Amino acid sequence: MFQLECSVRSWLYDITICLCCWFLGIAFLGIGLWAWNEKGVLSNISSITDLGGFDPVWLFLVVGGVMFILGFAGCIGALRENTFLLKFFSVFLGIIFFLELTAGVLAFVFKDWIKDQLYFFINNNIRAYRDDIDLQNLIDFTQEYWQCCGAFGADDWNLNIYFNCTDSNASRERCGVPFSCCTKDPAEDVINTQCGYDARQKPEVDQQIVIYTKGCVPQFEKWLQDNLTIVAGIFIGIALLQIFGICLAQNLVSDIEAVRASW
């Protein structure tokens, strides 16, 4: 009786976790496809490669796709008592856990290399700042949240054709920065989108009054150090959920195989 009760409980837990993954996966995929439809990507698939920087929609699609596959395999496997799908769910979740663990170890060991890659990634997206509204919003959010500008400083915006300080640049934003680099006045209710105009033509002392002069890479490092406990707690919580899901799937597989063996 006790064994049957544990088996039913494992089945219910497994179904609950898998349903959550499934619905979240569908939601993320829906948001990603909707965003691509709004940008006209679905009507012209070749435009996927047009963006020089990172398209944030890919994050929704990849995360949504992984969660959908996990949820589908887990739910159908539990409902249909399909040991193949349950084992697939368990192995797939195990691979994800192993990749996360490997990435964490490599990030700790190769910190300087990660920093260089982050610098390259940010600067590559600075070049494509005006090419995609989602990327633009992501960069603006990052700079506002961490109170930073560019990868290592405001001069990184010279990489963008609209903000560089070359004499041939006829843009009104020449030698400026995006509004998200500007220091915020609490009294302002409306965002001044032109606050960064000509900001980098001023002396460095005056720049610090108008815009953030620290880069996003060092600011992210500082934020990580200040919130190390919270970040570590989140990753440990995710890891425990993954281990819990693997154990439930394996327990359910064992129960199904034990019942079939008694026939």
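Residues numbered from 1 in each chain as written. Predicted model: local features only at pLDDT ≥ 70, side-chain atom pairs only at ≥ 80, totals over all residues. Heavy atoms only, no water.

Going by an unreviewed UniProt entry, the protein chain carries the name Tetraspanin and comes from Odocoileus virginianus. Regarding the protein chain, the relevant UniProt record gives this comment under Subcellular location (unreviewed entry): "Membrane". (UniProt positions renumbered as here; feature names shortened; annotations may be inferred.)

Turning our eyes to something else, we now look at a nonpolar patch on the surface. On the surface, Leu101, Val105, Leu106, Phe108, Val109, Phe110, Trp113 and Ile114 cluster together into a nonpolar patch covering about 820 Å² of accessible area. Secondary structure elements with two or more residues in the nonpolar patch: α3 (83-109) and α4 (111-127). Among the elements that line the nonpolar patch, the one with the most residues is α3, at five residues. By the element assignment, Val105 lies in helix α3. (Patch = residues over 30% accessible without salt bridge, like charges linked within 9 Å, V, L, I, M, F, W, Y side chains within 5 Å. Areas by Shrake-Rupley, 256 points an atom, 1.4 Å probe, with all protein chains shown as cover. Salt bridge = Lys/Arg side-chain N within 4 Å of Asp/Glu carboxyl O. Helix = DSSP H or I, 4+ residues; strand = E, 2+ residues; numbered from the N terminus.)

The next thing to look at is helix α2 (residues 57-79). Owing to its 3.6 residues per turn, the α-helix brings residues three or four apart onto one side. Taking 1.5 Å as the rise per residue, α2 with 23 residues should run 33 Å; its terminal C-alpha atoms sit 32 Å apart, in good agreement. Buried within α2 are the following residues: Val57, Leu61, Gly64, Gly65, Met67, Leu70, Gly71, Ala73, Gly74, Cys75, Gly77 and Ala78. Directly after α2, the chain includes Glu81, whose backbone phi takes a positive value near 55°. (Expected span 1.5 Å × (residues − 1). Buried < 20%, exposed > 50% of the residue type's maximum accessible area, 1.4 Å probe, protein only.)

We now examine the packing of helix α5 (residues 133-146) against helix α7 (residues 216-226). Close contact between α5 and α7 brings their axes to 10 Å; oriented N to C, the two are set at 55°. By the angle between their axes, α5 is oblique relative to α7. The hand of the α5/α7 crossing is left-handed. Touching Thr142, Gln143, Tyr145 and Trp146 of α5 are Cys216, Gln219, Phe220 and Trp223, all from α7. The residue makeup of the contact of α5 with α7, split by class, is five nonpolar, three polar and no charged. (Axes fitted to C-alpha atoms, helices over the stretch in contact; angles between N-to-C directions. Parallel < 35°, antiparallel > 145°, perpendicular 65-115°, else oblique. Left-handed = near helix turned anticlockwise from the far one by under 90°. Contact = heavy atoms within 4.5 Å. Nonpolar A, V, L, I, M, F, W, Y, C, P; charged D, E, K, R; others polar.)

This part is about the packing of aromatic side chains. Considering all chains together, one arrives at 14 aromatic pairs under this definition. Judged by centre distance (5.7 Å) and plane angle (20°), the ring pair of Phe141 and Tyr145 falls under stacked. In this pair, Phe141 and Tyr145 both sit in helix α5, four residues apart, roughly one turn of the helix. In this structure Tyr145 comes out as partly exposed when scored by relative accessible area, which is 48%. When the ring of Phe220 is compared with that of Trp223, the centres are 6.2 Å apart and the planes differ by 20°; the resulting orientation is stacked. (Phe/Tyr/Trp six-rings, centres within 6.5 Å; stacked < 30°, edge-to-face > 60°.)

Moving on, we come to unusual backbone geometry. Positive phi, close to 60°, is recorded for Cys175, a residue that is not glycine. Locating Cys175 in the fold gives a position in the loop between α5 and α6 (204-210). Using a relative accessible area of 5% as the deciding quantity, one classes Cys175 as buried. Within the chain, Asp198 stands out as a residue other than glycine whose phi angle is a positive 60°. By the secondary structure assignment, Asp198 is in the loop between α5 and α6.

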